[in-house]
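Structural overview
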Amino acid sequence: MRKPSPTEVPSRRFYGHGIPGVNPAELAGKLIAVEGADGSGRSTQIAQLVAWLETSGRPTVQVGLKRSTLVSAELEKAQEGNILSRTTLALFYATDFADQLENIILPALRAGFIVLADRYIYTLMARDMVRGMDEAWLKNLYGIALEPDGVFYLSVEPLELVQRNLAKSATLDYWESGMDLGFSPDLFDSFLKYQGRMEEAFKQLQKSYDFEMIDANRPVEAVTRDLRKKISILLNGD
Amino acid sequence: MYSPMKTFAELGFPGRLIAVEGLDGSGKSTQIYLLKRWLELQGLKVFFSEWNSSTLVKNATSKGKKRELLSPTTFSLIHATDFADRYERQLVPFLRAGYIVLCDRYIFTAFARDTVRGCPPEWVRGIYSFAALPDLVFFFKTPLEISLQRILDGRPKLKFFEAGMDLHLSTDIYESFRIFQGRILEQYLAMSREFNFMVMDANQRAEIQQVLVRKLVKENIDLAGFKRQGPLPLPPAVRKAKKVEPPELVAEEEA
């Protein structure tokens, strides 16, 4: 494993050993990850970013959770039955991530695209940590991941998330409420508790991974402005 | 980074896990089948589990293999997912319930294969660090040529990943299989001492090997402790049906 010396700050690196045979220096594009709970405005913001980037003539590609050719359908099916235990679920999602990393993210970066990730490894790690998985184990597992050029966490108060999710879907999602954890038989209580735990896990992860917290309690336009400003700097920085 | 792995016995499980490892064609499946029969005939609690058999994950694995979608990383992860599912939902509950669990291949298969495919050994071992070590591992050692012959004679149609074709070792599938199996054997031999493999001479006749397997199992595991208490409980449907009959004893007391 190549360790950068303090004087040499590599522009591009994997968190751990990465993907065998891939040289990060060849990945010319930019990888931008947007994290946040359901209702944090992630999809809205990503759609805005895509439109903005494409208008300025930059090619983009989008990835997200559970979108791999390899396992997305099977993962979906397994989750419906809620019969996966936590290690299995963690590894299943990691497989889904790795498949998209190798087949979409890396080729697109090599071709100079801007890759927008609708959630990246941090959501996966936070979910697993809330379910009691060991942080060191997760860090080793996701040593395959490429460090993004920018990670933006859309932070929204759990009570505001409730309002947005109810307004949008008229219910709270089973998994986004962490109902599998048995915090409470009450969906509302469980949602609040789970989202609170997720936020704690993100804060814990922030100690080792570099991401920017964006206050997404504000109106969509204000968040968009913020993101554009930050991403402009990131794109023109080199 | 990780605390040294412990066996199920060291972790205080009432059950014991016995694993067999070896190249394809080493005869390990035959040996573990014969061991299973012997244990069952003594009325012991036995559960058998095979590598790559979780029904949940199987679909994805076979699709990945058929359509050659797997890279070394996803090959490794999908097998780890399969293993984790069996480990958490079957192996651990059976071991906690005091069974002798027999595994046709265990984590060492992944250690050997994934390393040959170019995944860093520390990464692979880290992933499998949630699993405890077997209480007994039999490694069926054959000279490469013998196991190749057994496989190539009996089943000439080789599969893509089985032959290591993804590693581009050779365009000829048989040649690729030879090289791939040779490398896996090297990995097994390198692990042998670290994980206390009981190395079996898989060149000997099956019945001679089985005598030794049974002897070693008897010496290392107190088999008497795994006897099933009484007959198997009836399936719920049958139990329910039986309950409907009025118990005679109660009627007598009332009289």
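Note that the structure is a prediction, hence the values are computed from the model and not measured.

1. Description of the overall build of chain B
The secondary structure content of chain B amounts to 10 helices and 5 strands. Counting every position in chain B, which comprises 255 residues, the buried fraction comes to 41%. Sequence separation of 24 or more characterises 78% of the internal contacts of chain B that already satisfy a separation of 6 or more.

2. A closer look at helix H4 (residues 121-130) of chain A
Residue and element names in this part refer to chain A. A large share of H4 lies buried, amounting to 10 of its 10 residues. Among the residues making up H4, those that are buried are Ile-121, Tyr-122, Thr-123, Leu-124, Met-125, Ala-126, Arg-127, Asp-128, Met-129 and Val-130. Buried residues along H4 sit against strand E1 (30-35), helix H3 (86-110), helix H5 (135-141), strand E4 (150-155) and helix H7 (187-206).

3. Some thoughts on the interface of chain B and chain A
Interface extent is often summarised as the accessible area lost during association of the parts. Taken together, the contact between chain B and chain A spans 26 residues of the former and 26 residues of the latter. Looking at the side of chain B that touches chain A, the elements with two or more residues in it are helix H2 (55-66), helix H3 (72-96) and helix H5 (121-127) of chain B. With 11 residues, the top contributor of residues to the side of chain B that touches chain A is H3(B).

4. Topic: the sheet that holds E4(A)
All names here are of chain A. Strand order in the open sheet formed by 5 strands is E2-E3-E1-E4-E5, with parallel pairing between adjacent strands. The outermost strands of the open sheet, each flanked by one partner alone, are strand E2 (60-64) and strand E5 (212-215). Within the sheet, the average angular offset between the axes of one strand and its neighbour, ignoring direction, is 25°. Both E4 and E5 contribute to a ladder of 4 bridges, which runs parallel.

5. Digging into unusual backbone geometry
Phi angles above zero are rare outside glycine, and A:Ala170 is one such case at about 60°. Within the secondary structure, A:Ala170 is located in the loop between helix H6 (158-169) and H7. On the neighbour-count criterion, A:Ala170 (7 C-beta atoms within 10 Å) is exposed. Even without being a glycine, B:Arg105 presents a positive backbone phi close to 80°. For B:Arg105, the location among the structural elements is in the loop between strand E3 (100-104) and helix H4 (107-116). Residue classification places B:Arg105 among the buried residues on the basis of 22 C-beta atoms within 10 Å.

6. Overview of the packing of H4(A) against H7(A)
Residue and element names in this part refer to chain A. The contact between H4 and H7 brings their axes to 9 Å, and the two run at 120°. For the element pair H4 and H7, the recorded crossing hand is right-handed. Here Tyr-122, Met-125, Ala-126, Met-129 and Val-130 of H4 come into contact with H7, specifically with Arg-197, Met-198, Ala-201, Phe-202, Gln-204 and Leu-205. Its residues assigned to classes, the contact of H4 with H7 comprises 9 nonpolar, 1 polar and 1 charged.

7. Some remarks on the environment of A:Ser208
If you trace the backbone, A:Ser208 turns up in the loop between H7 and E5. Taking the C-alpha atoms as reference points, A:Ser208 and A:Asp118, 90 residues apart in sequence, are found 21 Å from one another.

8. Some words on the nonpolar core
In terms of nonpolar packing, the biggest core is built from 129 residues, with A:Leu101, A:Ile105, A:Val115, A:Ala117, A:Met125, A:Ala126 and B:Val101 touching the most fellow members. When residues in this core are grouped by element, the largest group, 13 residues, is from H3(A). Excluding anything up to four places from it in sequence, A:Ala117 contacts A:Leu31, A:Ile32, A:Ala33, A:Val34, A:Val63 and A:Gly64.

9. What to know about the confidence of the model for chain A
Summary statistics for chain A give a mean pLDDT of 92 and a share of 95% for residues scoring 70 or more. Throughout residues 1-9 of chain A the model reports pLDDT below 50, and contacts reaching past four residues in sequence, or to other chains, amount to 5 contacts.

10. Observations concerning the packing of H6(A) against H7(A)
Each packed pair of helices is defined by two parameters, the angle between the axes and the distance between the axes. All names here are of chain A. Following both chains from N to C, one finds H6 and H7 inclined at 125°, their axes separated by 9 Å at the closest point. Overall, the two elements H6 and H7 adopt an arrangement that is oblique. Read as a crossing pair, H6 and H7 show a hand that is right-handed. Along its contact with H6, which presents Pro-158, Leu-161 and Val-162, the element H7 presents Phe-191, Leu-192, Gln-195 and Gly-196. Among the residues forming the contact of H6 with H7, the class breakdown is 5 nonpolar, 2 polar and no charged.

Reading guide: rules and limits
Residue indices begin from 1 for each chain and proceed along its sequence in written order. Chain letters and ligand numbers both follow the written order, the letters beginning at A and the numbers at 1. The model is predicted, so local features are restricted to residues of pLDDT at least 70 and side-chain atom pairs to those at 80 or more, both for listing and for counting; the totals for chains, interfaces and linings are taken over all residues. For the purposes of this entry, the term helix denotes a DSSP run of H or I that reaches at least four residues, the term strand denotes a run of E that reaches at least two, and both are numbered from the N terminus. To assign burial, the other C-beta atoms lying within 10 Å of each residue's own C-beta are counted, with C-beta atoms placed from the backbone; 20 or more indicates buried, 12 or fewer indicates exposed, and intermediate counts indicate partly exposed. Placing a C-beta atom from the backbone of each residue, one calls two residues in contact when those atoms lie within 7 Å. Think of it this way: DSSP has to see at least two bridges between two strands before they count as a pair. To obtain each axis, a line is fitted to C-alpha atoms, and for helices this fit is confined to the stretch in contact; angles are then taken between N-to-C directions over 0 to 180 degrees. The crossing is said to be left-handed when, going from far helix to near helix, the turn is anticlockwise and less than a right angle, and right-handed when the turn is clockwise. Residues are grouped as follows: Ala, Val, Leu, Ile, Met, Phe, Trp, Tyr, Cys and Pro are nonpolar; Asp, Glu, Lys and Arg are charged; all remaining types, including Gly, are polar. In these notes, a nonpolar core means any group of buried Ala, Val, Leu, Ile, Met, Phe, Trp, Tyr and Cys residues linked to one another through C-beta atoms within 7 Å. Known as pLDDT, the predictor's per-residue confidence is scaled from 0 to 100. Note on angle classes: values under 35 degrees are labelled roughly parallel, values over 145 roughly antiparallel, values of 65 to 115 roughly perpendicular, and the remainder oblique.

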